[in-house]
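# Structural description and commentary
As a plain string of letters, each chain reads:
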Amino acid sequence: MAALLFHSDTLAHLPPLLINLGLLWLFGRTLLPGRKPLITALAEQARGPLKPPVRHYTRQVTKAWTLFIALLGVETLLLSLWASPELWALFAYGLNYLIIILFFLAEYGFRRIWLADLEHPSFRQYLRFLGQTDWRGIARR
């Protein structure tokens, strides 16, 4: 068993799986009872107290990200077990990150439509906010 775990192919497959597990933990644990959903905490840091519809939306988006990351993790695991090394690497180190960016952009666009009555920052301002966010404080919640 130890030989299998420390085989070079197995070790090469661990980083993408561990990244997915880490992100799943980061998002998913904030959905537990008594916790503040991750996207809700971000929105409160940006906007202050949230109105109930915005609070509901941010909880749903946290759930969507959690499910999305779980699916990416399953996809990465299945590809690592049954796909060729080239196909696995294409997804694990390339296409999955593109898919994450597309999901991020789609949610940003959807939010501007779904919460049209709110003032929204430009995409550049939004990225700047995310870059300046105290992620350690958010992650501790």
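Everything quoted here is computed from the prediction, not taken from an experiment. (Residues numbered from 1 in each chain as written. Predicted model: local features only at pLDDT ≥ 70, side-chain atom pairs only at ≥ 80, totals over all residues. Heavy atoms only, no water.)

### Things to note about the overall build of the protein chain
Within the protein chain, the secondary structure is distributed over 7 helices and 0 strands. The secondary structure elements of the protein chain, listed N-terminal to C-terminal, are α-α-α-α-α-α-α. Principal-axis analysis of the C-alpha atoms gives the protein chain an extent of 55 × 30 × 25 Å. Counting only residues that meet the buried cut, the protein chain has 33% of its 141 residues in that class. In the protein chain, the proportion of contacts linking residues at least 24 apart, taken out of those at least 6 apart, comes to 63%. Accessible surface, the protein chain as shown: approximately 9,200 Å² in total, 71% of it carbon and sulfur. (Helix = DSSP H or I, 4+ residues; strand = E, 2+ residues; numbered from the N terminus. Buried < 20%, exposed > 50% of the residue type's maximum accessible area, 1.4 Å probe, protein only. Contact = heavy atoms within 4.5 Å. Areas by Shrake-Rupley, 256 points an atom, 1.4 Å probe, with all protein chains shown as cover.)

### So, the pattern of salt bridges
Summed over all chains, the structure comprises 3 salt bridges. Across the pair Glu44 and Lys36 runs a salt bridge, and its minimum N-O distance is 2.5 Å. Residue Lys36 is classed as partly exposed on the basis of its relative accessible area of 31%. With its nearest N and O atoms 2.4 Å apart, the salt bridge here joins Glu44 to Arg55. Within this pair, whereas Glu44 is found in helix H3 (residues 38-47), its partner Arg55 is found in helix H4 (residues 52-82), the two being separated by 11 residues in sequence. Relative accessible area serves as the criterion here: at 35%, Arg55 is assigned to the partly exposed category. The structure contains a network of salt bridges with shared partners spanning Lys36, Glu44 and Arg55. (Salt bridge = Lys/Arg side-chain N within 4 Å of Asp/Glu carboxyl O.)

### Notes on the packing of aromatic side chains
Aromatic rings considered in pairs are described by the distance between their centres and by the relative angle of their planes. As enumerated under the stated definition, the model contains 12 aromatic pairs in all. The interplanar angle of 20° and the centroid separation of 6.3 Å between the aromatic rings of Tyr57 and Phe110 together place this pair among those described as stacked. With a gap of 53 residues between them, Tyr57 in helix H4 and Phe110 in helix H5 (residues 85-114) connect regions that are remote in the sequence. When the ring of Trp65 is compared with that of Phe68, the centres are 5.6 Å apart and the planes differ by 85°; the resulting orientation is edge-to-face. On the criterion of helical spacing, the pair formed by Trp65 and Phe68 is a turn pair, its members being 3 residues apart in helix H4. A cation sits over an aromatic face here: Arg29 above Trp25, 4.2 Å from the ring centre. The cationic tip of Arg111 hangs over the ring face of Tyr126; the distance from NZ or CZ to the ring centre is 4.7 Å. (Phe/Tyr/Trp six-rings, centres within 6.5 Å; stacked < 30°, edge-to-face > 60°. Lys NZ or Arg CZ within 6 Å of the ring centre and 35° of its normal.)

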